[in-house]
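Here is what each chain is made of, one letter per residue.
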Amino acid sequence: PIFIILLGLSLYKAKSIIGAIFSFIISLVIIIFAIMIVITGLNLELQNTKRYDISIEKNRNITENILEIKNISGQAKIEGSSEKLIEGNIISNSENLSKESKIDNDIYSYEIKFDDSFSNLIGFNNNSFNLKLNNNIINSILLEPIYSDLNLDFSELNLKELEIESKFSSIYLNFNNDNFQGKIEADTSSLNLVFPKELGVRLIINQNLSSTNLNDFDKIDEKTFVTKNYATASQQAEIEINLNFSSLNTIIND
């Protein structure tokens, strides 16, 4: 868009046909040059893609797993149903991909961090990952997607806490019938949340120029919405959602 504006301005300021043609040619060269830079950058980023396999056995003393993934750019899937603590793979050409783990008493923490380079943050890096978590222990998950497409299937996961800071991303979340706390920051993103019908859900929503489609939720006040079974449900979840130029859609799964 910037180059198109510059092109229009150059034609507008030209005082003659020859000047207009000359300005048009210069602007066209600038546009072609910019496109070449983008294509070159994409080609460079698509090179040197590596696969990282993850296989972490579950220690019998571990009762909780904390998974944190930062600067996610690309496609990702996280689900339960693993007998191991964490297993899966990451495919990435991020130059500074890091993986760190630590054990504090009976809590295992695992952090994956993609690089925070400009090319990664604008979606040029070729990243994807598929992870499975153990569903027999408590899981807390913290995610920072940027220009991402996330498929989070927690229908077979014992979830305690969820925190997401999303920018320019599409996120699909399928929850289990468990008590948990959640917080989602969505900037220019699309959220689809799927809940089992047995779960009582309370949503606290702050929105700025955003849209919501809250199926089967009752409005308590301007910011609070609950499922029809919230007061009587044996399992309850509460999620605080901050929407900025984003959309939210909820589904109650039978």
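Everything below is about the structure printed above this text.
As a convention, each chain's residues are numbered from 1 in the sequence order in which they are written. The predicted nature of this model means local features are confined to residues of pLDDT at least 70 and side-chain atom pairs, given and counted, to a pLDDT of 80 or more, with totals for whole chains, interfaces and linings taken over all residues. Each side-chain value is derived from all of the structure's non-hydrogen atoms; neither hydrogens nor water enter the calculation.

### Topic: the overall build of the protein chain
Working definition: helices are DSSP H or I runs of at least four residues, strands are E runs of at least two. Numbering for both runs from the N terminus. The helix and strand tally for the protein chain stands at three helices and 17 strands. The criterion used for residue contact is that any of the two residues' heavy atoms lie within 4.5 Å. For the protein chain, the proportion of contacts with a sequence separation of at least 24, taken over those separated by at least 6, is 63%. Methods summary: accessible areas were calculated by the Shrake-Rupley approach with a probe of 1.4 Å, and residue burial reflects only the protein chains presented. As presented, the protein chain carries roughly 13,900 Å² of accessible surface, and 53% of it is formed by carbon and sulfur atoms.

### Details of the nonpolar core
Only buried residues count toward a nonpolar core, which is a set of Ala, Val, Leu, Ile, Met, Phe, Trp, Tyr and Cys residues joined through side-chain atoms within 4.5 Å. Classification of residues uses two cut-offs on accessible area relative to the type maximum, computed with a 1.4 Å probe and protein chains only: under 20% is buried, over 50% is exposed, and between them is partly exposed. If you look at the biggest cluster of nonpolar residues, it comprises 51 residues, and the most contacted ones within it are Ile69, Phe154, Leu173, Phe175, Phe195 and Ile241. If you tally residues by element for this core, the top one is strand E2 (residues 64-82), at five residues. Non-local contacts of phenylalanine 154, meaning those with residues more than four positions away in its chain, are made with Ile78, Ile141, Leu159, Leu162, Leu173, Asn174, Phe175 and Asn176.

### Notes on the pattern of salt bridges
Here, a salt bridge means any Lys or Arg side-chain nitrogen found within 4 Å of an Asp or Glu carboxyl oxygen. Tallied over the entire structure, the rule returns eight salt bridges. Notably, a salt bridge pairs glutamate 238 with arginine 202, separated by 2.7 Å at the nearest N-O pair. Here glutamate 238, found in strand E16 (residues 236-244), pairs with arginine 202, found in strand E12 (residues 200-208); they are 36 residues apart in sequence, far enough to count as distant. Assessed through its relative accessible area of 24%, glutamate 238 is described here as partly exposed. Ionic contacts of the salt-bridge type, sharing partners, join the residues Glu68, Lys70 and Glu111 into one network.

### Regarding unusual backbone geometry
One non-glycine residue, leucine 209, lies in the positive phi region at around 50 degrees. Along the chain, leucine 209 turns up in the loop between E12 and strand E13 (211-214). Of note in the backbone geometry, phenylalanine 245 takes a positive phi value of approximately 55 degrees without being a glycine. Looking at the element boundaries, phenylalanine 245 is found in the loop between E16 and strand E17 (247-253).

### Some points on the environment of phenylalanine 168
Tracing the sequence through the fold places phenylalanine 168 in the loop between strand E8 (159-167) and strand E9 (170-174). On a C-alpha basis, the gap between phenylalanine 168 and serine 246 in space is 8.9 Å, while along the polypeptide they are 78 residues apart. Non-local contacts of phenylalanine 168, meaning those with residues more than four positions away in its chain, are made with Tyr147, Ser148, Asp187, Thr188 and Ser189.

### What about the packing of aromatic side chains?
Working definition: a ring pair exists when centres of Phe, Tyr or Trp rings (six-membered ring for Trp) sit within 6.5 Å. Plane angles under 30 degrees give stacked, over 60 give edge-to-face, the rest tilted. Under the criterion given, the structure shown has seven aromatic pairs. With a centroid separation of 5.1 Å and an interplanar angle of 5 degrees, the aromatic rings of phenylalanine 175 and phenylalanine 195 are classed as stacked. Of this pair, phenylalanine 175 sits in the loop between E9 and strand E10 (180-187) while phenylalanine 195 sits in strand E11 (residues 190-196), and the two are 20 residues apart along the sequence. Accessibility classification places phenylalanine 175 together with phenylalanine 195 in one group, the buried group.

### A short note on the side chain of serine 82
Turning to its location among the elements, serine 82 is positioned in strand E2. With relative accessibility at 2%, the residue serine 82 sits in the buried group. Polar contacts involving the side chain of serine 82 include one to the side chain of glutamate 87, which spans 2.7 Å. Two N or O atoms form a polar contact when they lie within 3.5 Å of each other; inside protein one atom must be a possible hydrogen donor and the other a possible acceptor, and for residues adjacent in sequence the pair counts only when both atoms belong to side chains.

### Some remarks on the environment of leucine 67
Looking at the secondary structure, you find leucine 67 in strand E2. Using a relative accessible area of 0% as the deciding quantity, one classes leucine 67 as buried. Along the sequence, leucine 67 and leucine 133 sit 66 residues apart, while their C-alpha atoms lie 9.2 Å from each other. The residues touching leucine 67, leaving out its near neighbours within four places in the chain, are Ile78, Tyr110, Leu131, Leu133, Ser140, Ile141 and Leu142.

### A few points about the pairing of E8
Strand pairing is defined by DSSP finding a minimum of two bridges between the two strands. The pairing of strand E7 (residues 138-153) with E8 spans six bridges and is classified as parallel. Each bridged residue has a counterpart across the sheet, and for isoleucine 146 the counterpart in E8 is lysine 167.

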